[in-house]
Amino acid sequence: MAENNPVNIAVVGATGVVGEKIIEILETRNFPINEIKLLSSKRSAGKKVSFNSRELTVEEARPESFDNIDIALFSAGGSVSKKLAPEAVKRGAVVVDNTSAYRMDENVPLVVPEVNENDLQSHNGIIANPNCSTIQMVAALNPLQEAFGLSRVIVSTYQAVSGAGNEANNELEEQTRQYLNNEEMTAELLPVKGDEKHFPIAFNALPQIDVFQESGYTFEEMKMINESKKILHAQNLAIAATCVRLPFFTSHAESVYIDVEKDGLKVEDLWNVLKEADGVTLQDDPGTQTYPTPLDAADKEDVFVGRVRKDLDNDKGFHLWVVSDNLVKGAALNTIQIAERLIQNKWL
Ligand code: NAP
Ligand code: 3JN
């Protein structure tokens with residue numbers, strides 16, 4: 001990142017899957033940090049974490065934790081954000097919130113920098129980071145919308161277990177071990193911790209991510225629908241989603257069907273746009289079996305797109321396969337890129 005005055009930063013949820021990735025990326029990107037504070041619940045307070053060869057002690061997050069903080073990156077769940085983000089703002093910090101707590105609030109910009117960086121200018125202290133499945137989809141769709149217009153999107157996701165946090169990763173590991181040892185699998189967490197029933201995720205596919213809404217869609221599906229419309233500034237875009245959890249640790253994959261507005265397009269027209277798109281890498285050559293996979297995308301920054309095909313029955317229909325690391329671009333990296341753009345543009 002270009003030279004900028006270093007800032008005081010707080011990471012809330014620093015001991016979680018997302019928080020740990022935020023710390024790792026802050027280190028590798030040379031983010032301009034003066035002081036950094038790592039915050040968690042009382043449970044992890046006192047834990048030691050290394051940062052740029054220094055040993056830091058995790059502290060319990062409290063309202064006073066945000067005194068003298070310039071930017072606070074929240075990933076500790078919606079209820080923590082609801083309680084503590086206003087406290088951080090009251091003390092002069094700008095909050096980038098990784099939860100769904102404020103995403104649909106009309107006074108809160110919901111931002112993927114490659115798509116709608118300018119929305120950051122209207123912030124009132126809180127900026128929301130979108131859901132991981134939304135981020136990678138809109139990164140791929142925005143250039144296509146700008147070039148050709150979009151009228152409909154139908155997406156089915158294949159989501160990694162790490163999206164559900166540390167405990168879910170442990171559950172997949174344990175169930176895999178149990179299954180391979182011919183033991184009964186114990187399922188206590190997925191699909192949703194607080195729900196009545198739990199199903200094994202190992203060697204399985206669960207068509208439920210987050211709780212069901214009255215409409216029959218899950219909350220994860222509604223997040224994708226509502227957040228995408230807000231980020232793309234496309235309230236009239238028709239979007240449907242089916243979100244599915246699969247037994248791998250990292251990267252979400254999505255099969256995306258789109259109807260474009262322009263007539264007579266060829267696959268090459270979409271390739272040409274995607275090749276130039278910021279933050280997108282095209283990996284598409286059936287002749288050499290070139291396409292993105294979750295394992296290949298893990299730990300990488302970009303959103304990878306492949307399998308671009310024209311629908312066989314609809315001249316305006318196309319199919320895409322979109323893959324990205326759910327903890328990198330889907331969460332930690334996008335959060336940090338938002339903070340970087342705030343600093344670079346002097347929009348803090
Ligand atoms: P996780 O691995 O379970 O970690 C949760 C973190 O929150 C831990 O650091 C935990 O601290 C902390 N925490 C819990 N209760 C707290 C409290 N009362 N006060 C302060 N800190 C508290 O979960 P995760 O996967 O990292 O996800 C964390 C949150 O990030 C999710 O709830 C979600 O809102 C958001 N998220 C967003 C995306 C996205 O799509 N952009 C993806 C995944 C997650 P302890 O160690 O003390 O328990
Ligand atoms: O399940 C996934 O793959 C992504 C999960 C994201 C998540 C998990 C718990 C709570 C979110 C989110 O970011 O939408 C939330 C939430 O804040 O609602």
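Residues numbered from 1 in each chain as written. Chains lettered and ligands numbered in written order. Predicted model: local features only at pLDDT ≥ 70, side-chain atom pairs only at ≥ 80, totals over all residues. Heavy atoms only, no water.

Concerning the packing of aromatic side chains
- This model, assessed by the stated rule, comprises three aromatic pairs.
- Ring centres of Phe66 and Phe74 lie 5.5 Å apart, and the angle between their planes is 15°; this geometry places the pair in the stacked category. In terms of burial, Phe66 and Phe74 fall into one category: buried.
- Between the aromatic rings of Tyr179 and Phe203, the centroid separation amounts to 4.2 Å while the plane-to-plane angle is 25°, which identifies the pairing as stacked. Of this pair, Tyr179 sits in helix H5 (residues 166-180) while Phe203 sits in the loop between H5 and helix H6 (219-231), and the two are 24 residues apart along the sequence. (Phe/Tyr/Trp six-rings, centres within 6.5 Å; stacked < 30°, edge-to-face > 60°. Buried < 20%, exposed > 50% of the residue type's maximum accessible area, 1.4 Å probe, protein only. Helix = DSSP H or I, 4+ residues; strand = E, 2+ residues; numbered from the N terminus.)

Structural notes on the sheet that holds strand E8 (residues 126-128)
- The parallel open sheet is built from six strands, whose spatial order is E5-E2-E1-E6-E7-E8. Strands with a single pairing partner mark the edges of an open sheet, and in this sheet they are strand E5 (59-60) and E8.
- The pairing of strand E1 (residues 7-12) with strand E2 (residues 33-40) spans six bridges and is parallel. For Asn8, the partnering residue across the bridge sits in E2 and is Glu35.
- Contacts from helix H9 (residues 328-344) reach E1, strand E6 (71-74), strand E7 (94-97) and E8, with the element oriented near 165° to E6. (Pairing = 2+ DSSP bridges. Contact = heavy atoms within 4.5 Å. Axes fitted to C-alpha atoms, helices over the stretch in contact; angles between N-to-C directions.)

Some details on the site of ligand 1
- Of all residues adjacent to ligand 1, which total 26 residues, the nearest are Thr15, Ser41, Ser44, Asn98 and Cys132.
- The separation between an oxygen atom of ligand 1 and a polar main-chain atom of Gly16 is 3.0 Å.
- Protein chains bury 77% of the 920 Å² of accessible surface belonging to ligand 1 in isolation.
- Broken down by secondary-structure element, the contributors of at least two residues to the shell around ligand 1 are helix H1 (17-28) and H9.
- Residue composition of the shell around ligand 1, by class: eight nonpolar, 16 polar and two charged. (Near = heavy atom within 4 Å. Polar contact = N/O pair within 3.5 Å; in protein donor to acceptor, adjacent residues only side chain to side chain. Areas by Shrake-Rupley, 256 points an atom, 1.4 Å probe, with all protein chains shown as cover. Nonpolar A, V, L, I, M, F, W, Y, C, P; charged D, E, K, R; others polar.)

Structural notes on the pairing of E7
- Burial of E7 is two-sided: the residues Val94 and Val96 facing one way and the residues Val95 and Asp97 facing the other way are all buried.
- The sheet contact formed by E6 and E7 spans four bridges and is parallel. When the sheet's bridge partners are listed, Ala72 is paired in E7 with Val95.
- In the classification by handedness, the crossover that spans E6, the intervening helix H2 (residues 78-90) and the parallel E7 is right-handed.
- Pairing of E7 with E8 involves three bridges; the strand directions are parallel. (Right-handed = clockwise from strand over helix to strand, strands pointing away.)

Section: the pairing of strand E13 (residues 303-310)
- Taken together, the three bridges between strand E12 (residues 280-282) and E13 define a ladder with parallel strand orientation. Bridge assignment links Thr281 to a residue of E13, and that residue is Phe304.
- Note: E13 against strand E14 (residues 317-324), five bridges, orientation antiparallel. Bridging across to E14, Phe304 finds its partner in Val323.
- The turn linking E13 back onto E14 is made up of six residues.

Remarks on the state of the cysteines
- According to the stated counting rule, one finds zero disulfides in the structure shown.
- Looking at Cys132, it has no disulfide partner, and the nearest cysteine sulfur is the one in Cys243, 9.1 Å off.
- Overall, the relative accessible area of 13% leaves Cys132 in the buried class.
- Overall, the relative accessible area of 0% leaves Cys243 in the buried class. (Disulfide = S-S within 2.5 Å.)

Focus: the environment of Val211
- Topologically, Val211 is positioned in the loop between H5 and H6.
- A relative accessible area of 32% places Val211 in the partly exposed class.
- Excluding anything up to four places from it in sequence, Val211 contacts Val192, Asp195, Tyr217, Thr218 and Phe219.

Here we look at the layout of surface pockets
- Roughly 1500 Å³ of internal volume is contained in the largest pocket.
- As for the largest pocket, its lining consists of 49 residues, and the residues nearest its centre are Ala76, Gly77, Gly163, Ala164 and Gly165.
- For the lining of the largest pocket, the elements supplying multiple residues, two or more each, are H1, E2, H2, H5, H6 and H9.
- It is H2 that contributes the most residues to the lining of the largest pocket, four residues altogether. (1 Å grid on protein atoms, 1.4 Å probe; cavity = no way out; pocket = protein on both sides within 12 Å on 5 of 7 lines; lining within 4 Å. Points joined across faces, edges and corners; volume = space filled by probe spheres on them.)

It is worth stressing that arrangement in space is one thing and function is another; only the former is reported here.
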